[in-house]
Amino acid sequence: KGSIATLKNGERPSDFFDNDPALLPLCGMTTMTSILYSSAGVPTYQYKVDYDDKPAWYTTMQGNPKWNNKGQFPGAYISGVGFVTDSDIIIPMLKTEPSLASHFETIDLTPDLPEDVLNANPFFSLIPHMKGDTPGVVEKINSDFFEPLDAHLKASKTKYLASDRMTWYDGRLCYMILMANMVGLYFDGKSAVDERHTHLYAYMRSCMESDPVR
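Residues numbered from 1 in each chain as written. Predicted model: local features only at pLDDT ≥ 70, side-chain atom pairs only at ≥ 80, totals over all residues. Heavy atoms only, no water.

Let's talk about the overall build of the chain
The following threshold applies: Numbering goes from the N terminus for both helices and strands, where a helix is a DSSP run of H or I of at least four residues and a strand is a run of E of at least two. Only protein chains enter the accessibility calculation, which uses a 1.4 Å probe. A residue is then buried if its area is under 20% of the maximum for its type, exposed if over 50%, and partly exposed in between. Should any heavy atoms of two residues lie within 4.5 Å, those residues are counted as being in contact. Computed by Shrake-Rupley with a 1.4 Å probe, the accessible areas treat only the displayed protein chains as cover when residues are assessed.
The secondary structure content of the chain amounts to 10 helices and two strands. What you see in the chain, going N to C, is helices and strands ordered as α-α-β-β-α-α-α-α-α-α-α-α. Evaluated residue by residue, the chain yields a buried proportion of 45% over its 214 residues. Residue pairs at least 24 apart in sequence account for 61% of intrachain contacts in the chain once pairs closer than 6 positions are excluded. Accessible surface computed for the chain: about 11900 Å², of which carbon and sulfur atoms make up 52%.

Following this line, the structure appears as structure tokens:
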């Protein structure tokens, strides 16, 4: 659940989230998909699926290359399109589906950051660290990803990466960072985000308190 905490005198940024044994209450990619669509103002409705008793409409969707009958991917019904599954398909549709174009335009702002930072996936990058077979992973993620983001946020003086409202990249990156943060707490007892990146912590708080995330 990773409930957000208010930093007080003596608290460390690594205490930013409670160390919840459940790690994540929802599929991270499903949550990210919902954040992106909500940020763009697309009316969305969420359906909770019992992991141990998945309904047939969810496990029998057809026509998606990565789909399987175990129901392991996010699923969505998009008006005028039909059922689609897998965040790798649903998220790009916000850009490419004509009926959603006007919504995407409202969040189509690109921060002044290198492409490798904008397209990074710090959560997946932590997988070798979780397996315990690759040293220096957390340090590399901080130097290659979190540090440039922190410097950008310090210089931009905006609430989010490109403006004072959430954009496409905020919807994608903020939850990646939050997931990486919670993975660090779960496996190491401290955040994967270095304590020195105070602007990044403020950004995480802004994202958590935003309407799309709430």
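What about the environment of R165?
By the element assignment, R165 lies in the loop between helix 8 (137-156) and helix 9 (168-188). For R165, a relative accessible area of 43% puts it in the partly exposed group. Taking the C-alpha atoms as reference points, R165 and S39, 126 residues apart in sequence, are found 8.7 Å from one another.

Thoughts on the packing of aromatic side chains
Heads up, the condition is: Any two of the Phe, Tyr and Trp rings considered here, Trp counted by its six-membered ring, make a pair once their centres fall within 6.5 Å; the pair's planes then place it as stacked at under 30 degrees, edge-to-face at over 60, or tilted in between.
With the rule as written, the count across this model stands at two aromatic pairs. Plain terms: the ring middles of F145 and F146 are 5.2 Å apart, the flat faces sit at 55 degrees to each other, and that makes the pair tilted. The residues F145 and F146 share a single accessibility class, namely buried.

Some details on a nonpolar patch on the surface
Just so we agree on the cut-off: Patch members must show over 30% relative accessible area and no salt bridge, and they are joined within 9 Å when carrying like charges or within 5 Å when they are nonpolar side chains of Val, Leu, Ile, Met, Phe, Trp or Tyr. A side-chain nitrogen of Lys or Arg and a carboxyl oxygen of Asp or Glu constitute a salt bridge if their distance falls within 4 Å.
The grouping of Y45, Y47, V49, W57, Y77 and F83 at the surface amounts to a nonpolar patch, some 770 Å² of accessible area in total. Assignment of secondary structure puts Y77 in strand 1 (residues 75-78). Taking the relative accessible area as the measure of exposure, Y77 reaches 57% and is therefore exposed.

Description of the state of the cysteines
Worth spelling out the cut-off: We call a pair of cysteine sulfur atoms a disulfide whenever their separation is within 2.5 Å.
What the rule picks out here adds up to zero disulfides. In this structure C174 is not part of a disulfide, and its nearest cysteine sulfur, from C207, lies 3.8 Å away. Judged by relative accessible area, C207 falls into the buried class, the value being 0%.

Observations regarding helix 8
A turn of α-helix holds 3.6 residues, and therefore any two residues three or four places apart point the same way. As a reminder of what qualifies: To estimate how far a helix should reach, multiply one less than its number of residues by 1.5 Å. The seven residues ending at a residue and the seven starting there each receive a fitted axis; the angle between those axes is the bend at that residue.
Given a rise of 1.5 Å per residue, 20 residues ought to cover 28 Å, and the 28 Å separating the end C-alpha atoms of helix 8 matches this to within 8%. If you look at helix 8, its biggest bend is around 40 degrees, right at S143. Those residues of helix 8 that fall on the buried side of the exposure criterion are V137, V138, I141, N142, F145, F146, L149, D150, H152 and L153. On its buried side, helix 8 packs onto helix 5 (115-118), helix 6 (122-125), helix 7 (127-131), helix 9 and helix 10 (198-208). Positive backbone phi, at 60 degrees, marks K157, one or two positions downstream of helix 8.

A look at the nonpolar core
Which entries qualify depends on this criterion: Here, the term nonpolar core denotes a set of buried Ala, Val, Leu, Ile, Met, Phe, Trp, Tyr and Cys residues that are joined through side-chain atoms within 4.5 Å.
In terms of nonpolar packing, the biggest core is built from 51 residues, with L94, F145, I177 and Y203 touching the most fellow members. Those elements that provide at least two residues to this core are helix 1 (28-39), helix 3 (87-96), helix 5, helix 8, helix 9 and helix 10. Among the elements that make up this core, the one with the highest residue count is helix 9 (12 residues). Contacts of L94, omitting those with residues within four sequence positions, involve L36, Y37, A40, V42, L100, F104, I107 and W168.

Focus: the pattern of salt bridges
Overall, the coordinates contain two salt bridges when judged by the stated rule. Across the pair D144 and K140 runs a salt bridge whose closest N-O atoms are separated by 2.6 Å. Taken together, the residues D144 and K140, both in helix 8 and four residues apart, mark about one turn of the helix. With a shortest N-O distance of 3.0 Å, R196 and D194 are connected by a salt bridge. On the basis of relative accessibility, which here comes to 64%, the residue R196 falls in the exposed class. Look at D194 and you get partly exposed, because its relative accessible area is 24%.

Here's the deal with the side chain of H152
Relative to the assigned elements, H152 resides in helix 8. Since its relative accessible area comes to 12%, H152 is described here as buried.

Remember, this is a structural readout, not a statement about activity or role.
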